[in-house]
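Each chain, letter by letter, is given below.
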Amino acid sequence: MRALARAITLVERRDPGVRELEEALRTGAKSPGVAGFTGAPGTGKSTLVDAVIAFLRNQGSSVAVLATDPNSPFTGGAILGDRIRMQRHALDGKVFIRSMGARGHLGGLSLATREAIRLLGAFGFDQVILETVGVGQSELEVAAVADTTVVVLTPNLGDSVQMIKAGILEIADVFAVNKSDIDGHARVVAELRTMMNMAPKTPWRPPIVPTIATRGDEEDAGLAERLLRDGTPYRTAEEILDRTDN
Amino acid sequence: MAKVAAKPVRIVVAKVGLDGHDRGVKVVARALRDAGYEVIYTGLRQTPEMVVDAALQEDAQVIGLSIHSGAHMTLFPAVVDELKRRDATDIVVFGGGIIPDDDIAALKKRGVAEIFTPGTPLQEIVDWLRKRFPEQTRKP
Ligand code: B12
Ligand SMILES: Nc1nc2c(ncn2[C@@H]2O[C@H](COP(=O)(O)OP(=O)(O)O)[C@@H](O)[C@H]2O)c(=O)[nH]1
Ligand SMILES: [Mg+2]
């Protein structure tokens, strides 16, 4: 496990030595399924990821999480706090959680994300879950990296519509309307439906899944299943990039 | 653009045991972020095993513990021992909280690198880290 953690550090540092390691590991490595969670800060991404880990573990998959938070543009430092929400999986040997600083890279993920996913595959992880920085404006990168992109919205955020304008609508394979225990969730769902009806017709109409991530166990199964099944990969990164360009 | 150090020092910070005093650790976490460190905050009620496991997964060079419960003579050594068990004694353990001077001396003998008690200026903590990891710290 330490070898994997070290290797991720090397790709984060863009250390040239990691090439060799990757080549050595690539033989026989499978590529893991990748789900990405994006949305504004505080919408419940980490809490949802926690529930999805539980679901995937129940199915017998090993799960790795790459959770990105921003570094301060002034000092370069960061507080990486996503792990707090996933502590119930702490001593599960088949769950690996890594917090990454975006280190100034725009797009919502660490520059090292793709390589880290490859490493996780080489170390035998079945599923990788990405959590983006959560600034909510320019985080389209996740869609190009993940098989399934879950866009998380909540009631009372005020910026849900703004996010949709910023191109997030185009990258969603699934919408999670989280905090559905709070007033106003029905309005978010209605707003989303309206936006989708106005948008050009696309082959995939992202399902809208109301979630209450804090409900934990009882919620895990249904929630994660719908998030991941309904959002089964159906298009390539190129198709997504095509669509977000215009 | 962010002036991120090429190799920022990563520090796992945790409250171990049954202890809800998290003001100090949050203040320290923020100060460390502002000094250019990547701080992974793992929250309340951690066990020594959880802290060490997190530090290994996060490839942290440092573990910072915060203890106000009086259980420091058990918990600090437990983390040091767990690091030994996991073959990771290169990870530096330090911390703070309500810890009497006599206990600090004993803890240092048990492998804890440094302890900061209430009222310590945050700059003192940062300066200590800078001295400990000079090569990996961003030049201001
Ligand atoms: C505020 C406070 C509370 C608040 C906590 C709020 C919160 N969310 O943090 C509340 C009211 C909830 C509370 C409750 C209790 N408290 Co109280 N509390 C305090 C008090 C007054 C101040 C603590 C504080 O926040 N200081 C400010 C911060 C910035 O300072 P600090 O935490 O010491 O951190 C500094 C250093 O210690 C160090 N540091 C701390 N952590 C870390 C980590 C790292 C990595 C590093 C490098 C440095 C570092 O750096 C910081 C900067 O200088 C202290 C008394 C005191 N003077 O310390 C008692 C005190 C800590 N509490 C005490 C007690 C007994 C309790 C209760 C058990 C009381 C009860 N019977 O119910 C409960 C327990 C609650 C629980 N679940 O754990 C005792 C502990 C006695 C002991 N261990 O021997 C104290 C010392 C009071 C006393 N004199 O008896 N408490
Ligand atoms: N009421 C309610 N709160 C939630 C729900 N999901 C998450 N939260 C809370 O929202 C806050 C932010 O959650 P977090 O997962 O850290 O959000 P992130 O910043 O998007 O990763 C936390 O206090 C969670 O407990 C939910 O379904 N309902
Ligand atoms: Mg989060």
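Keep in mind it's a predicted model, so treat the numbers as computed, not measured.

1. Points about the site of ligand 2
Residues and elements named next belong to chain A.
- For ligand 2, the set of nearby residues contains 17 residues, the closest of which are G42, K45, T47, R85 and D181.
- Here an oxygen atom of ligand 2 and a backbone polar atom of T43 are 3.3 Å apart.
- Within the contact set of ligand 2, a nitrogen atom lies 3.3 Å away from a side-chain nitrogen or oxygen of T214.
- Contact with the protein chains removes 76% of the 580 Å² of surface that ligand 2 exposes when unbound.

2. Brief notes about the sheet that holds strand β4 (residues 92-97) of chain B
- Pairing is parallel across the open sheet formed by six strands, whose spatial order is β3(A)-β2(B)-β1(B)-β3(B)-β4(B)-β5(B). Edge positions in the open sheet fall to β3 (78-80) of chain A together with β5 (114-116) of chain B, since each of these has one partner strand only. Mean inter-strand twist for the sheet, computed between neighbouring axes without regard to direction, equals 25 degrees.
- Contacts from helix α5 (residues 122-132) of chain B reach β1 (10-15), β3 (62-67), β4 and β5 of chain B within the one sheet, and its direction differs from that of β4(B) by about 170 degrees.

3. Examining the confidence of the model for chain A
- Averaged over every residue, the pLDDT of chain A is 80; the share at 70 or more is 80%.
- Below a pLDDT of 50 lies the segment residues 230-246 of chain A, which in the model reaches 31 contacts outside its immediate sequence neighbourhood of four places, other chains included.

4. Looking at the coordination of the magnesium ion (ligand 3)
All names here are of chain A.
- The coordination sphere of the magnesium ion (ligand 3), as far as protein atoms go, consists of S46 (OG), D82 (OD) and E131 (OE), spread over 2.1 to 2.2 Å.
- Sequence positions of the residues that donate to the magnesium ion (ligand 3) give the spacing S-x35-D-x48-E. Of the two residues, S46 is situated in helix α3 (residues 45-58) and D82 in the loop between β3 and β4 (95-101); the sequence distance between them amounts to 36 residues.
- Residue S46 is classed as buried on the basis of its relative accessible area of 7%.
- With relative accessibility at 7%, the residue D82 sits in the buried group.

5. Let's talk about the nonpolar core
- Membership of the largest hydrophobic core comes to 37 residues, with the highest contact counts inside it found for I8(A), L66(A), F96(A), L120(A), V128(A), L130(A) and F175(A).
- Apart from the residues within four sequence positions on either side, I8(A) is in contact with F96(A), R98(A), M100(A), A116(A), L119(A) and L120(A).
- Of all hydrophobic cores here, the second largest spans 27 residues; its members include V16(B), L65(B), V93(B) and I99(B).

6. Remarks on unusual backbone geometry
- The residue R14(A) is not glycine, and still its phi comes out positive at about 55 degrees.
- Exposure remark for R14(A): the relative accessible area of 64% places this residue in the exposed category.

7. Quick word on the site of ligand 1
All names here are of chain B.
- Near ligand 1 there are 24 residues, and of these G20, H21, D22, S66 and H68 occur at the shortest range.
- Separating an oxygen atom of ligand 1 from a backbone N or O atom of T120 is a distance of 2.9 Å.
- At the level of secondary structure, the elements contributing two or more residues to the shell around ligand 1 comprise α1 (23-34), β3 and β4.
- Among the residues forming the shell around ligand 1, the class breakdown is seven nonpolar, 14 polar and three charged.

8. Points about the interface of chain A and chain B
- Contact with chain A, which involves 31 residues of that partner, is made by 37 residues of chain B.
- Buried area between chain A and chain B, summed over both chains or domains, comes out near 2800 Å², and the portion from carbon and sulfur atoms is 51%.
- Area buried by chain A at its contact with chain B is led by R2(A), R13(A) and I79(A), which between them contribute 21% of it.
- Linking chain A to chain B there are six salt bridges.
- D90(B) is the partner of R6(A) in a salt bridge, and the nearest nitrogen-oxygen pair spans 3.5 Å.
- Counting across the chain A and chain B interface gives 20 residue pairs in polar contact (both at pLDDT 80 or more).
- Only α1 (2-12), β3 and β4 of chain A provide two or more residues apiece to the side of chain A that touches chain B.
- Counting residues per element, the side of chain A that touches chain B draws most heavily on β4(A), at six residues.
- Of the residues that constitute the side of chain A that touches chain B, the class distribution is 13 nonpolar, eleven polar and seven charged.
- One ladder, built from three bridges, connects β3(A) with strand β2 (residues 38-41) of chain B; its direction is parallel. Note on β2(B): the bridge partner recorded for I79(A) is V39(B).

9. Details of the confidence of the model for chain B
- Chain-level pLDDT for chain B is 93 on average; 91% of the residues reach the 70-or-more range.
- Scored by ipTM, the complex comes to 0.92, with pTM at 0.92.

10. Thoughts on the coordination of the cobalt atom of ligand 1
- Exactly one protein atom donates to the cobalt atom of ligand 1; that atom is H21(B) (NE2), 2.2 Å from the metal.
- Tracing the backbone through its elements, the reader meets H21(B) in the loop between β1 and α1.

11. Concerning the sheet that holds strand β8 (residues 208-210) of chain A
Residue and element names in this part refer to chain A.
- Taken in spatial order, the seven strands line up as β4-β2-β5-β1-β6-β7-β8 in an open sheet, and their pairing is parallel. At either end of the open sheet lies a strand with only one pairing partner, and these are β4 and β8. Neighbour to neighbour, the strand axes of the sheet diverge by 20 degrees on average, direction disregarded.
- Relative to strand β7 (residues 174-177), strand β6 (residues 148-153) is paired through four bridges, and the arrangement is parallel. Across the sheet, residue V151 finds its bridge partner in β7, namely F175.

Rules of the game
Residues numbered from 1 in each chain as written. Chains lettered and ligands numbered in written order. Predicted model: local features only at pLDDT ≥ 70, side-chain atom pairs only at ≥ 80, totals over all residues. Heavy atoms only, no water. Near = heavy atom within 4 Å. Polar contact = N/O pair within 3.5 Å; in protein donor to acceptor, adjacent residues only side chain to side chain. Areas by Shrake-Rupley, 256 points an atom, 1.4 Å probe, with all protein chains shown as cover. Pairing = 2+ DSSP bridges. Helix = DSSP H or I, 4+ residues; strand = E, 2+ residues; numbered from the N terminus. Axes fitted to C-alpha atoms, helices over the stretch in contact; angles between N-to-C directions. Contact = heavy atoms within 4.5 Å. pLDDT = per-residue confidence, 0-100. Donors = N, O, S within 2.8 Å, 3.2 Å for Na, K, Ca; no water. Buried < 20%, exposed > 50% of the residue type's maximum accessible area, 1.4 Å probe, protein only. Core = buried A, V, L, I, M, F, W, Y, C linked by side-chain atoms within 4.5 Å. Nonpolar A, V, L, I, M, F, W, Y, C, P; charged D, E, K, R; others polar. Buried area = accessible area lost by both parts, 1.4 Å probe. Salt bridge = Lys/Arg side-chain N within 4 Å of Asp/Glu carboxyl O.

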